[in-house]
Amino acid sequence: MQPLLTLNGIERRYGDVAALDGVSFSVAPGAYVALLGPSGSGKTTLLRVIAGFEQPDAGHVVFDGRRIRDIPTHRRGIGIVFQNFALFPHLTVEKNVSFGLLNRESETNMDRRAIDAKVRDMIALVGLKGLESRDMHQISGGQRQRVALARTLVTEPRLVLLDEPLGALDANLRARMRDELRSLHDRLGVTFLHVTGSEAEALAMGDTIIVLDRGRIAQVDLAESIYNHPASPQVARLLNCYNLFEGAVEGREFVSSVGRFPLDGARAPGRPGKASAYAIRHDRIAVRPVDRPISPDEAGLAATFVASEYSGSSVLSFFATAGGQVIEVEDHLSLREPPNYAQKQGYALAWEPRDALVFA
Amino acid sequence: MQSAVMKPALALYTTLFLVFLYAPFAILAILSFQTGPEGGPQFPIIEWSSYWYQHLFGLAPPSRVAPLPIGESLFRSMTLAFMTMIVSTVLGVMSAQAFRSRFKGSGIVFYLIVLGMMVPGVLVGLGMALVANFFGIDRHWWSTAFVLHVVYTFPFAFLVMLAIFNRFDKSVEEASWSLGVSPARTFRKVTFPLIFPGVLSAMLFAFTLSYDEFSRTLFASGRDLTLPLAIYGTFAVEIHPNVFAFGVLTTLFSFALLGVYAILMSLSVRRARRIAIQEE
């Protein structure tokens, strides 16, 4: 299948700083793609290039089989939902939603009755029925989010760019809008490119996840693969569920500043002697009293308990090594008893070598 | 403790300032109620009367004091101020819109525009008169003087609009483009309604500055006088309180103008406040 959107070596510089440094990827029609990146990774710049608000310094964007460099925003057929919503403050809910259909350049032949019906359906679809004549200051944050979505979706763009669309909402609203975005996507069959800085949001929303790091693509993969097999230490760090150690592979061991970890024989990437990184997931670490030492076929280290953070379904505990590095351990409460570690007490942290990842 | 001294001191200063500012006008207003035609522009008030107001409108019995020659010049000044207001505001909005994105030579263009309000009016007026003579162009209030009024008021309108655009959230326009709406229509349907309070201010500036412009008009307006010139002309002979009466009336007119501005502004600001709430 021909991709709907293809980016080819996109570069964008501001002075000496490269906001985008050779970004290439493609998006299949009908996909829900999440673009994950920390702040400053260039993700908003990327959206602005795709939407046509900015021109790339190099590379080209192909949309629907055409290079769109010289096509202005309003003729691209790409919708965008802004983080701050950017609603028209002088118009009501209904007028915001009908704005695109009434004022757009193409398809001026659509008659008023058809537009009204379409707007009515869209308002109902996003759950804003009864609020049609409200002003923008008379509705809540979540409702504004829906107006922003409805306003874009009603014009039936082939591709919808979502720029951290849930960033301005509070936590429980965010969770609900996540589900609604997903179901809107599935119902309308539009292609979504959802930009976010939250790994949880990206993993929950995207069929495919593109990880952007310092203006470059760090990894493109399915959500599950990204989570279990991050391609680089940067991606692992961004996922916020790995402990990372720097060091080097020596023989059948990984040598780091906090200790030597035996490597799993079956898969040992990384060339010996070369600097690399070692990652172990938060929830793959077992915590034991110091008097039960780490066996030779296990990897592990000794650390002191610092504090823990309760989050409902799991507990995240923080341990410090003698060198001061913080190790995070996650206990899922459905699998383990809630831990009860003693402050400033030493523990043995152990894990299976095959659960660890070694980056070249 | 400091405010115990500072506050009364500042209050006194402010009072003196206001007195200084408004005393001349208050004196004029009081003197305009002098009796006529024998009463002159000085204290004491011989008798309170509205004689000079009647005189102004030609309602007083004929006397040795000639009526003020202001009828036509008032019309001319109003027309000139209105024309200037429209042209300067349109130019101001357009050029401020241009300055939203950086372009080559924008720094020079900025200073060239602002120069119009910096250079001394007498010099520009004189220069215009010389240039007009050189090229054999007739000087009129609606041609040479009009051009100078625009050159003078355009920078004010431009600076007002520049400040407005400075705080304007561009993403609203980008959102409109992304819905398939052309930039021209976006400007009309989104940008303009949102910058309208600024446009009102620019119009007010241009109108009032043009309405009482003197020095530029003096040399450039030719034989038909505008209001400030006509009033100045009456000073040359003998000053009667009818000039003061007229001053009071034009001031009331200005207040009426400000009132209309305030009403329109408060309507727009109420909307602006809604925008502010939305952005929180």
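Residues numbered from 1 in each chain as written. Chains lettered and ligands numbered in written order. Predicted model: local features only at pLDDT ≥ 70, side-chain atom pairs only at ≥ 80, totals over all residues. Heavy atoms only, no water.

Looking now at the overall build of chain B. Counting its regular elements, chain B contains eleven helices and zero strands. Tracing chain B from N to C terminus, the helices and strands come up as α-α-α-α-α-α-α-α-α-α-α. Against the compact-globule benchmark of 19 Å for 280 residues, chain B has a radius of gyration of 24 Å, which places it well outside the compact range. For chain B, the C-alpha atoms occupy an extent of roughly 75 × 70 × 35 Å along the three principal directions. Across the 280 residues that make up chain B, the buried fraction comes to 41%. Of the contacts formed within chain B by residues at least 6 apart in sequence, a portion of 70% connects residues at least 24 apart. Accessible area for chain B stands at about 15,900 Å²; split by element, carbon and sulfur atoms hold 72% of it. Positive and negative charge centroids in chain B, built from 18 and 13 side chains respectively, lie 12 Å apart. (Helix = DSSP H or I, 4+ residues; strand = E, 2+ residues; numbered from the N terminus. Rg over C-alpha atoms; globule rule 2.2 N^0.38 Å. Buried < 20%, exposed > 50% of the residue type's maximum accessible area, 1.4 Å probe, protein only. Contact = heavy atoms within 4.5 Å. Areas by Shrake-Rupley, 256 points an atom, 1.4 Å probe, with all protein chains shown as cover. Lys, Arg positive; Asp, Glu negative; His and termini not counted. Charge placed at Lys NZ, Arg CZ, Asp CG, Glu CD.)

Next up on the list: helix α5 (residues 171-188) of chain A. In an α-helix, one full turn covers 3.6 residues, which means residues spaced three or four apart are oriented alike. All names here are of chain A. Taking 1.5 Å per residue as the helical rise, α5 with its 18 residues ought to reach 26 Å, and the 26 Å between its terminal C-alpha atoms agrees with that figure. If you check which residues of α5 are buried, you get L173, M177, L181, L184 and H185. Summarising the axial view, the buried residues of α5 lie within an arc of 105 degrees, below the 170-degree limit, and thus occupy one face. Those residues of α5 that are exposed and aimed more than 90 degrees away from the buried face are N172, D179, D186 and R187. Against β3 (32-36), α3 (112-125), α4 (141-153), β7 (159-163), β8 (191-196) and α6 (199-205) lie the buried residues of α5. The first or second residue beyond α5 is G189, which carries a positive phi of 65 degrees. (Expected span 1.5 Å × (residues − 1). Arc of directions from axis to C-beta.)

Chain A puts 27 residues into the contact, and the matching count from chain B is 23 residues. Together, the buried faces of chain A and chain B total about 2,200 Å²; carbon and sulfur atoms form 64% of this surface. The three residues of chain A that bury the most area against chain B are H74, P89 and H90 of chain A, which together make up 26% of that side's buried surface. The tally of links between chain A and chain B comes to one salt bridge. Here R48 of chain A and E174 of chain B are joined by a salt bridge, their closest N and O atoms 2.6 Å apart. Linking chain A with chain B are five residue pairs in polar contact (both at pLDDT 80 or more). (Buried area = accessible area lost by both parts, 1.4 Å probe. Salt bridge = Lys/Arg side-chain N within 4 Å of Asp/Glu carboxyl O. Polar contact = N/O pair within 3.5 Å; in protein donor to acceptor, adjacent residues only side chain to side chain.)

With that settled, consider the domain arrangement of chain B. All names here are of chain B. Taken domain by domain, chain B comprises domain 1 (13-65 + 240-280) and domain 2 (71-239). In this structure, domain 1 and domain 2 have C-alpha centres spaced 25 Å apart. Each side of the interface is counted separately: domain 1 has 18 residues, and domain 2 has 19 residues. Interface of domain 1 and domain 2: buried area, both sides summed, is about 1,400 Å²; carbon and sulfur atoms make up 75% of it. Among the residues of domain 1 in contact with domain 2, H240, F246 and Y261 are the three that bury the most area, contributing 31% of the side total. Across the contact surface, domain 1 and domain 2 share zero salt bridges. Here domain 1 and domain 2 share one residue pair in polar contact (both at pLDDT 80 or more) between them. (Domains from an automatic or database assignment.)

Residue and element names in this part refer to chain A. Note on placement: S41 falls in the loop between β3 and α1 (43-51). S41 gets classed as buried once you look at its relative accessible area, which sits at 2%. Here the side chain of S41 touches P38 through a polar contact of 2.7 Å, landing on its backbone oxygen. Residues contacting S41, with those up to four places away along its chain left out, are A19, L212, D213, R214 and G215.

Right, let's get into the sheet that holds β7 of chain A. All names here are of chain A. The six strands are arranged β6-β7-β8-β3-β9-β10 in an open sheet whose pairing can be described as mixed. Two strands bound the open sheet, and with one partner strand each, they are β6 (78-81) and β10 (216-222). Strand-to-strand twist across the sheet, computed as the mean angle between neighbouring axes with direction ignored, equals 20 degrees. As paired elements, strand β9 (residues 208-213) and β10 share six bridges and run antiparallel to each other. Paired with I209 across the two strands is D221, which belongs to β10. (Pairing = 2+ DSSP bridges. Axes fitted to C-alpha atoms, helices over the stretch in contact; angles between N-to-C directions.)

All names here are of chain A. Here four bridges tie strand β11 (residues 242-250) to strand β12 (residues 253-256), and the two strands are oriented antiparallel to one another. Bridge pairing in β12 links V249 to F254. Looking at chain direction, β12 and strand β13 (residues 259-262) are connected through four bridges and run antiparallel. If you follow E253 over to β13, its bridge partner there is P262. Between the end of β12 and the start of β13, which pair antiparallel, lie two residues.

What follows is about the sheet that holds strand β16 (residues 299-310) of chain A. Strands belonging to one sheet form pairs held by backbone hydrogen bonds; the direction of such a pair is parallel or antiparallel. All names here are of chain A. One open sheet accounts for five strands, arranged β15-β19-β16-β17-β18; its pairing is antiparallel. Edge strands, defined here as strands with exactly one partner in the open sheet, are β15 (286-289) and β18 (326-332). Direction aside, neighbouring strands of the sheet carry axes that sit 45 degrees apart on average. With four bridges joining them, β15 and strand β19 (residues 346-351) adopt antiparallel strand pairing. The partner of V287 across the bridge, within β19, is L349.

So, about the confidence of the model for chain B. Residue and element names in this part refer to chain B. Summing up the model confidence of chain B, the mean pLDDT is 86 and the portion of residues at 70 or higher is 96%. Helix α11 (residues 241-279) is the least confidently modelled element of chain B, averaging 77 in pLDDT, while helix α7 (residues 171-178) averages 94, the highest of any element. Under the prediction, the complex receives an ipTM of 0.82, its pTM being 0.79. (pLDDT = per-residue confidence, 0-100.)

Moving on to the pattern of salt bridges. Where charged atoms of side chains with opposite charge meet at close range, the side chains can pair. As enumerated under the stated definition, the model contains 23 salt bridges over all chains in all. The partner of R281 of chain A in a salt bridge is D283 of chain A, and the shortest N-O contact between them spans 3.1 Å. Within this structure, R12, R48, E54 and D57 of chain A together with E174 of chain B form a network of salt bridges that share partners.

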